Structure formats: C-alpha cells, structure tokens
Number of protein chains: 2
Amino acid sequence: MARVHNFSAGPAAMPLAVLEKARAEMLDLADSGMSVMELSHRSREFQAIIDGAESGIRRLLGVSDNYAVLFLQGGASLQFAMIPMNLRRPGKSADYVDTGSWASKAIKEAKLTGAAKVLWSGKGDNYTKIPKAEELKISPDAEYLHICSNETIGGIRWMQFPETKVPLIADMSSEIFSRPVDVNKFGLIYAGAQKNLGPSGLAVVIIRKDLVERTAGSVPVFMRYSTHVNSGSLYNTPNTWAVYMVKLVCEWVESNGGVAAFEKKSGEKAALLYDLIDGSEFWRSPVEKESRSVMNVVWRLSKEELEEEFVKQAKEAGFIGLKGHRSVGGIRASIYNAVTLESVEALAAFMKDFEQKNG
Amino acid sequence: MARVHNFSAGPAAMPLAVLEKARAEMLDLADSGMSVMELSHRSREFQAIIDGAESGIRRLLGVSDNYAVLFLQGGASLQFAMIPMNLRRPGKSADYVDTGSWASKAIKEAKLTGAAKVLWSGKGDNYTKIPKAEELKISPDAEYLHICSNETIGGIRWMQFPETKVPLIADMSSEIFSRPVDVNKFGLIYAGAQKNLGPSGLAVVIIRKDLVERTAGSVPVFMRYSTHVNSGSLYNTPNTWAVYMVKLVCEWVESNGGVAAFEKKSGEKAALLYDLIDGSEFWRSPVEKESRSVMNVVWRLSKEELEEEFVKQAKEAGFIGLKGHRSVGGIRASIYNAVTLESVEALAAFMKDFEQKNG
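Quick caveat, the model's predicted, so the values are computed rather than measured. (Residues numbered from 1 in each chain as written. Chains lettered and ligands numbered in written order. Predicted model: local features only at pLDDT ≥ 70, side-chain atom pairs only at ≥ 80, totals over all residues. Heavy atoms only, no water.)

## A closer look at empty space enclosed by the protein
Residue and element names in this part refer to chain A.
Inference 1: On inspection of all chains with the given rule, the structure shows five cavities of 30 Å³ or more.
Inference 2: Put simply, the largest cavity is a space of about 80 Å³.
Inference 3: The set of elements that each furnish at least two residues to the lining of the largest cavity consists of β2 (67-72) and α3 (75-87).
Inference 4: For the lining of the largest cavity, a count of residues per class yields six nonpolar, four polar and no charged. (1 Å grid on protein atoms, 1.4 Å probe; cavity = no way out; pocket = protein on both sides within 12 Å on 5 of 7 lines; lining within 4 Å. Points joined across faces, edges and corners; volume = space filled by probe spheres on them. Helix = DSSP H or I, 4+ residues; strand = E, 2+ residues; numbered from the N terminus. Nonpolar A, V, L, I, M, F, W, Y, C, P; charged D, E, K, R; others polar.)

## Digging into helix α3 (residues 75-87) of chain B
Residue and element names in this part refer to chain B.
Inference 1: Helix length check: α3, at 13 residues, gives a terminal C-alpha distance of 18 Å against a target of 18 Å (1.5 Å per residue), a fit within 8%.
Inference 2: The sharpest bend along α3 reaches about 30° and sits at A81, with the proline P84 one to four residues further on.
Inference 3: Most of α3 is tucked away: 13 of the 13 residues are buried. (Expected span 1.5 Å × (residues − 1). Bend = angle between axes of the 7 residues up to and from the residue. Buried < 20%, exposed > 50% of the residue type's maximum accessible area, 1.4 Å probe, protein only.)

## What about the sheet that holds strand β4 (residues 115-121) of chain B?
Residue and element names in this part refer to chain B.
Inference 1: Reading across the sheet, the seven strands line up as β2-β10-β9-β8-β5-β3-β4 and stay open at both edges, with mixed pairing between neighbours. If you trace the sheet from one side to the other, it starts and ends with β2 (67-72) and β4, each paired once. Averaged over all pairs of adjacent strands, the angle between their axes in this sheet comes to 20°, without regard to strand direction.
Inference 2: The sheet contacts of helix α2 (residues 44-61) involve β2 and β10 (203-208), and relative to β2 the element is tilted by about 130°. (Pairing = 2+ DSSP bridges. Axes fitted to C-alpha atoms, helices over the stretch in contact; angles between N-to-C directions. Contact = heavy atoms within 4.5 Å.)

## Some details on the packing of aromatic side chains
Inference 1: Counted according to the given criterion, the structure contains 29 aromatic pairs over all chains.
Inference 2: For the pair F310 of chain A and F354 of chain A, a centre-to-centre distance of 5.1 Å together with 85° between the ring planes defines the contact as edge-to-face. With F310 of chain A in helix α8 (residues 307-316) and F354 of chain A in helix α9 (residues 341-358), this residue pair connects regions lying 44 residues apart in the sequence.
Inference 3: According to the relative accessible area criterion, F310 of chain A is buried, its value standing at 0%.
Inference 4: Among the aromatic side chains, those forming a connected cluster through ring pairs are F7, F282, W283, W299, F310, F319, F350 and F354 of chain A.
Inference 5: The positively charged end of K105 of chain A is found above the aromatic ring belonging to Y235 of chain B, 4.5 Å away from the centroid. (Phe/Tyr/Trp six-rings, centres within 6.5 Å; stacked < 30°, edge-to-face > 60°. Lys NZ or Arg CZ within 6 Å of the ring centre and 35° of its normal.)

## Topic: the pairing of strand β12 (residues 296-301) of chain A
A regular strand carries its side chains on alternate faces of the sheet.
Residue and element names in this part refer to chain A.
Inference 1: Counting buried positions along β12 yields six of six residues, so the element is predominantly enclosed.
Inference 2: The two faces of β12 match: N296, V298 and R300 on one face and V297, W299 and L301 on the other face are all buried.
Inference 3: As judged from the two bridges shared by strand β11 (residues 283-284) and β12, these two strands associate in the antiparallel manner. Its bridge partner being in β12, R284 is matched across the sheet by R300.

The following block contains the structure:
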C-alpha cells in the first residue's frame, strides 16, 4: 500500500495517525465491545467523545464560556441558510462581503429569506483579493457582517479581520486551526469539517450565546440554534462518527503543538510553493500578494496549454487533487494541516523537474 | 476483544463483515492510496461509491426511474421540516397520523410553517397501536398523508399501509430493508441511516420525481429537494463516509439474500422474544398484537420494580441498550438486520434465567 500526496480541496488529506487510531478502534472502542458507530448517542461513552471534541476545540481556539460549540449536520451550506433565518430579525438587514464562490453562496441564501447588503465584491477582479479595511462601510444597523475568511477556490484569505460593532460572522471552513483567532471578536464562527477538522458531514458552529435569543418562532425547530444549544448538539442523532474523528484530530493538533505550531508550519509550506511560483516566469500567481491563502495555493502555468499535462503527470507521480476548481481552471494545491511538509517538498521538486523539462 | 450483544435503538449494531471491510480499507480504498474520507466528493472513485449505494437501494427495494434516491444530511429530523416546506404548497394543508414520538415531531415541524391536520392520534392509548384503515378519513385535498411506518419508542408498526389517492409519505427510519415495500404506492420514503442502513449523519430520501416541482421559490436552496435531485446529492459535500458505509451495507444485505430474507429472519427473531413474553406472567407486552414491531420489541416486567435490575444484570452479561426510552420506561430490544439470531437467542436464554431466579 502506497499512500499518495493528497492536495484535494476537501474532503482532503487526514492525519495518518488519526486514521490508524480509527482503524485500531473500529470494532471495539475503549473496551466497549462496539464500534463508535454502534454506540447510542445517549450513551456515557459517546457523551465522553462529544465532550472531548468540544473541549479540544475550546482549548485550541480559546473559546470562552460566553460561546456555545455545536456539532451540526448539513455542512457550511446549511449554515448559509441558518444564519439569516436565526440572526437577522424580521424587517432587518445583514451585511455581506463577496470574496468568492463560498461568500456568494452565503449571500444567495441570505437574499432568499430577507434583506442582505453586499458591501464589496471582488467579482470584477475574478476574486483575486480581499478588500482593505477602508473599503468596507459597515451598516450601523446591520444585524451582522458575514465574511468567508478563506476562499478555497480563489486561494485568498483575510489577513486581518474587519473591526466591527455589529456581530462578525465568519465561514472558516478551509482555514480553521491554521492560525490563532481571537474568538471574542466574532459573533459566530462556523466550519465544515472536511478540510482541517475531520471527515465531511459535520459543521462546527461557535456561537455567542446571547445571539441565540434572536430567532423568530416560525423557524423550524431543527433549524434553530437554540434547539442545538439547549440539547448539547443531541436534539437528534448527530454524525457520531465525524464527532469522534474531530476529537481525534483535536488530540493530534494538540500533541503537535497546537494551532500556533500549525500556523508556523502552514507558513513554511505555503512559502515553499509561492517562492517557487514567484521565482520563475514559468509559473504565475493570479492572487494579490497580501491576500494569499496559506491553505489553498492557486497558480497558473504561463503556457496555460501545459496545465492539463502538468496535472496528468503529477497524478501519475502520486500527487492527487491539483486541478484547479472547474470554475477558474489552473492549478491548486490545498495544503491543510494534515498535508505534511514532506508532501509539499516532494511537490516542489516535481514542479522544478516539470519546469526543467518543459520550460 | 469481546463484541457485545448490541440491542441499541440507533445508532445500533452494524454487520461485523461491514465493519471489518471498512477497517481493511481505512488507509487505502481500492488502491487509491487514500481513505474514503480523503477522497474528493467530485472524484471518479467517490462517484462510483455513491452510484453503488444508489443502485444497491434501487435493487433492494425495487425503486423505479420515476423516483430519485437522495443522500442528505440532517437525518429524519431535517426531513420533518423539508417535507412540508417542499411538498405542501402555500395555503394548502397536509394530513398526518400521530402514532408516537417520531410522528409527533414531524407534526410539530409541519404546524410551524403551515396547516397540518392530525387524522388520528394514539396518544390517549400511550401509543400502543396503529389505526385501522377505516379509522382514517383522508382529506381529499390534502397535499400528502404522512405516517411513521415503525415507531422505535412505542414498538409498533404499520402492518399494512393505507391506500391513498394523495401522495403517501413514510418515515421508515427504523424498519427500511426489514420487509419488501411497493415503492410505487409512496410519494416519498425517507430513513435516517443509523438503524438499518449504516452510521448516523445521513438520511436516504426516495422521492417521486414529479413532486420535486412543487417547491416555492422562497425555500432556501439547501432545503429544496430539486437542489439535490439536480446535483445527484452533490450540491454540497455529502457525508461521504456514511454513503460508503450504506454501500457496504447494501452489498451485505444482497449477499445475505436481500430484503425478503431479512423479513423472514426478523420475523423469527421477533417471535423468539414475543413468544417468551406472551408465555409467562413474569413479562408483559403493552403493545396491541396486530401492531407489534419486528424491529423494536418493547415489554415490561410484571414486577416493574425489577426492571432496573434486569437492565443492570443484562449489561453485565454483555447485553447493551435494553433500557426502554426514557419517555416510556420498561425494556426495549431493537433487533435490526445486523443483530444476529444468535444474539437474540442469547438474550432469550438470559431472560429465562432471570425469570427463574426472580419469578
């Protein structure tokens, strides 16, 4: 068995140690005589798992008791709908920043059920940069400001978060655990798990508790944050397997130095690729330097007709998931926490070799 | 490692062969060099998995091309909300039958967003029976009739399904794959996976394609059936692990004779317990005979004060999940497809022994 170098955008590479532990416990979790998938979500054993996942997230991000940590189904996509349904009261509006495909989806859902104002859009520039602070005129009476902190497709991220008086809401799906964050500056943070947290089928939501009170009575029970806060994410059966995997990932992040260590490592991995891209006319970065993501590195070949060949040869050499998103083309390497420095070094070596042969 | 006898109501016992296969493929699915959790949901490899899960369900239940088969997140609980949001047009009403805790939850969600008529309720009888055909006066202009075909908590099931002109909708979470069903008699069938299909975090929805057109434009994109029908359940990242497990479970059901074989086996397993309960004054079934579930067998001890001791001693002897739901008390053995005849025989032997010592 040869494991590949996995640069997929999500679902994505997972830590080998986590997969090995899940494999070892598959038939018998902690002497229970059951797989974690066979445990009742009301059992003591599963309560310990979900408590462990929650406390791991709280420790790693420094989440205070003013916030609830939820494990919900439906990924970030359901959050696009739940956020305005819960936090934008009838007759009020919310502010959004359109930095790419994911921010756009959130905006689309918000407009379906009420008023949403787009403060800034990068669409005209093909989503290659994040706005400067002075470009955002936040509405003083907005119910919240929504941003996507890292755009997986465009390969851009907010280096600094906007200062707001209204609650700041961030989709951190593709960068959570890649840098320390001052949670207290946010009203709500959410993340689909399938990039830096675990497998797909789960979203982690960190919500300031006072915001839970805003929800109108006409919102379906399942879609109310209060339902899940009041039940400790056990209103209905959660994705128990994914909660277990998130717990294992939290333990792996902690045992490897925590979020600060991964910030450093992410910077090193990203620099390897960006330096290479910037250092030769053979490659080209479409992204504004100050907006570059350290999780999703996107680039082009100057000879764009070679891109297909690059992806093909890379795949044959064991580098998976390098094709850029179908909406933008080009190349993309997603280098989430579980992607090792060795994998990135191997990719860089492959790129140099490809350049030499085709430059 | 000793595997226990798992009688949990869900999440529940899974087939050992399925768990072993998942374990064997954990680090390397089909020579991909990746775990199934690491595969992009847009990859050829994952498309083969979701196609395999869909075709398995189609073969096992005889689902025609008039129906779409969807893999959604949010479990049955999200379906409680999605069904009226999609299939009950503005100003119209839908019919519901209240047979227990799960039917009640569906009714509660339906009433939040529009009109719902409860045709019959078993609440006054503590949910111990299913209505007779002549007790249901279906509204001719109802958008649909909703039933829960097997109530996990009460331990009752619809032996025969009502004949309707309006679309019949059934929550089959706790009995799908336990008996052949004429899908053509239904407008929509749904099931949370965590009982007879796989792990939690997934709902399978089988929907007649013409019904998809009913949805109003104001429904959030993520909550529309059309969104998921038109994208083959890949509008957003599905619960890829659970889809994979459902595929493995389908293969296991097929290789063990299909749904008809499990109907026979379920009848045998249930008869072992019901015969024992009916055969002695020591035990007592609260459920009307014609309404008895073959998936969730509930019973009482005549000396109710012994029930706690029974559950305790059973647990010590390796029988897990026998405590009745906290809302009704008593004893419950969930004997889904993955619970072996040997486990049920062992439970019956334990019960006889307990009776002898305490009778």
